[in-house]
Amino acid sequence: MYKFFVNNEQIKDNKVTITGDDAHHIKDVLRMKEGETILVGDGGDHEYVCDIESLDDDVVVNIVDMNREGRELPINVTLFQALPKADKMETIIQKMVELGVNEIVPVETSRCVVKLDSKKSEKKVKRWNAIAESAAKQSKRGIVPQIRSVVKFDDALAQAKHMDVIYMPYELADDMDHTRKLFEQIEQGMNIAIFIGPEGGFSEEEVKKAIDIGAKSITLGKRILRTETAGMTVMAVLMYLNEV
């Protein structure tokens, strides 16, 4: 069943009005008909089962039921992802959204090969948010995770310092038992930050700065993971341990 997201203003009198690209997608791409059923999310983990009433310029649907079981994790996870090369960021966003991340902050670190000026950054972030929305629809998330503006490493630390837990996978970290214990200490409602370095990893200075604000250096095993794999690995573990 296809899912679409709307604002609360589009929900009125037990009906939902779907506009813009989503309306076009329903009518002209999916070629859906009156009476067919779709899912509609309001971005707040409320999911409505709706039947299509009319397909004019906008698509109007009737709310016939509400799915009571939310699909969001009981923790809030923010990925601070160093800018990777090529189109790896698109894959990272898609898979992290599927796994349950709440937001992603692209970070420019000292070893990032990719450098974005403000104009390129704005275009990239717009595209990345479109990918996040598509992944949220596909995985039937209750919310659409936001991709924030690109920030410098120090600014990323300032955003993360007040979170409950900060994980930083680091190739020089060891002691898997310690890492397991850190994961097991997560409780419902916690705000969690994951810091992932670029292809060349974090510099020692960056690791020290992160540890100084309370970050926990963790290992993901004896193998060296690519930047596009590391964050997914942490998110998959968090999902497994905290799914209810």
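Attention here is on the structure that accompanies the text. All values derive from a computational prediction rather than experimental measurement. (Residues numbered from 1 in each chain as written. Predicted model: local features only at pLDDT ≥ 70, side-chain atom pairs only at ≥ 80, totals over all residues. Heavy atoms only, no water.)

Points about the packing of aromatic side chains
At step 1: In the structure shown here, the tally under the stated rule is four aromatic pairs.
At step 2: Taken together, the ring pairs connect Phe 80, Phe 153, Phe 195 and Phe 202 into an aromatic cluster. (Phe/Tyr/Trp six-rings, centres within 6.5 Å; stacked < 30°, edge-to-face > 60°.)

As for the sheet that holds strand S3 (residues 15-18)
At step 1: Sheet architecture is open: six strands sit in the order S1-S4-S5-S6-S3-S2, paired in mixed fashion. The open sheet terminates on both sides in strands that have one partner only, identified here as strand S1 (3-5) and strand S2 (11-12).
At step 2: Note that strand S4 (residues 37-41) and strand S5 (residues 47-55) share five bridges and pair antiparallel. Opposite Leu 39, over in S5, you have Val 49 as the bridge partner.
At step 3: Along the sheet, helix H1 (residues 20-29) makes contact with S1, S3, S4, S5 and strand S6 (59-67), crossing S1 at roughly 160°. (Pairing = 2+ DSSP bridges. Helix = DSSP H or I, 4+ residues; strand = E, 2+ residues; numbered from the N terminus. Contact = heavy atoms within 4.5 Å. Axes fitted to C-alpha atoms, helices over the stretch in contact; angles between N-to-C directions.)

Considerations on the pairing of strand S7 (residues 76-82)
Put simply, side chains in a regular strand alternate between the two faces of the sheet.
At step 1: Of all seven residues making up S7, six are buried, and the element is well covered by its neighbours.
At step 2: Where S7 meets strand S12 (residues 191-196), six bridges bridge the pair, whose relative direction is parallel. Note that in S12 the partner of Val 77 across the bridge is Ile 192.
At step 3: Pairing of S7 with strand S8 (residues 103-108) involves five bridges; the strand directions are parallel. Each bridged residue has a counterpart across the sheet, and for Thr 78 the counterpart in S8 is Glu 103.
At step 4: Crossover handedness for the path S7 to helix H2 (residues 88-99) to S8: right-handed. (Buried < 20%, exposed > 50% of the residue type's maximum accessible area, 1.4 Å probe, protein only. Right-handed = clockwise from strand over helix to strand, strands pointing away.)

Some details on helix H5 (residues 176-184)
Counting along an α-helix, one turn takes 3.6 residues, and residues three or four places apart therefore face a common direction.
At step 1: By the burial criterion, the buried members of H5 are Thr 179, Leu 182 and Phe 183. Angular distribution of buried residues about the axis of H5 spans 100°; they occupy a single face of the element. Residues of H5 that are exposed and angled more than 90 degrees away from the buried face: Lys 181 and Glu 184.
At step 2: In this structure, the buried residues of H5 make contact with strand S11 (165-169), strand S13 (216-218) and helix H7 (227-242).
At step 3: Where H5 begins, the capping side chain belongs to Asp 175, and its oxygen is found 3.3 Å from the backbone nitrogen of Asp 177. (Arc of directions from axis to C-beta. Polar contact = N/O pair within 3.5 Å; in protein donor to acceptor, adjacent residues only side chain to side chain.)

Some words on the side chain of Glu 47
At step 1: When you line up the elements, Glu 47 lands in strand S5.
At step 2: Here Lys 3 takes part through its side chain, which lies 2.8 Å from a polar atom of the side chain of Glu 47.
At step 3: Here Arg 71 takes part through its side chain, which lies 2.5 Å from a polar atom of the side chain of Glu 47.
At step 4: When neighbours within four sequence positions are excluded, Glu 47 is seen to be in contact with Lys 3, Leu 39, Val 40, Met 66, Asn 67, Arg 71 and Lys 140.

Some remarks on the pairing of S4
At step 1: With four of five residues buried, S4 lies mostly within the body of the structure.
At step 2: Across three bridges, S1 lies against S4 in parallel orientation. Looking across to S4, one finds that Phe 4 is bridged to Val 40.
At step 3: Between S4 and S5, which pair antiparallel one after the other, the connecting turn spans five residues, and Gly 43 there sits at a positive phi close to 80°.

Focus: a negative patch on the surface
At step 1: A contiguous patch of negative charge on the surface is contributed by Glu 34, Asp 56, Asp 57 and Asp 58.
At step 2: Positionally, Asp 57 belongs in the loop between S5 and S6. (Patch = residues over 30% accessible without salt bridge, like charges linked within 9 Å, V, L, I, M, F, W, Y side chains within 5 Å. Areas by Shrake-Rupley, 256 points an atom, 1.4 Å probe, with all protein chains shown as cover. Salt bridge = Lys/Arg side-chain N within 4 Å of Asp/Glu carboxyl O. Lys, Arg positive; Asp, Glu negative; His and termini not counted. Charge placed at Lys NZ, Arg CZ, Asp CG, Glu CD.)

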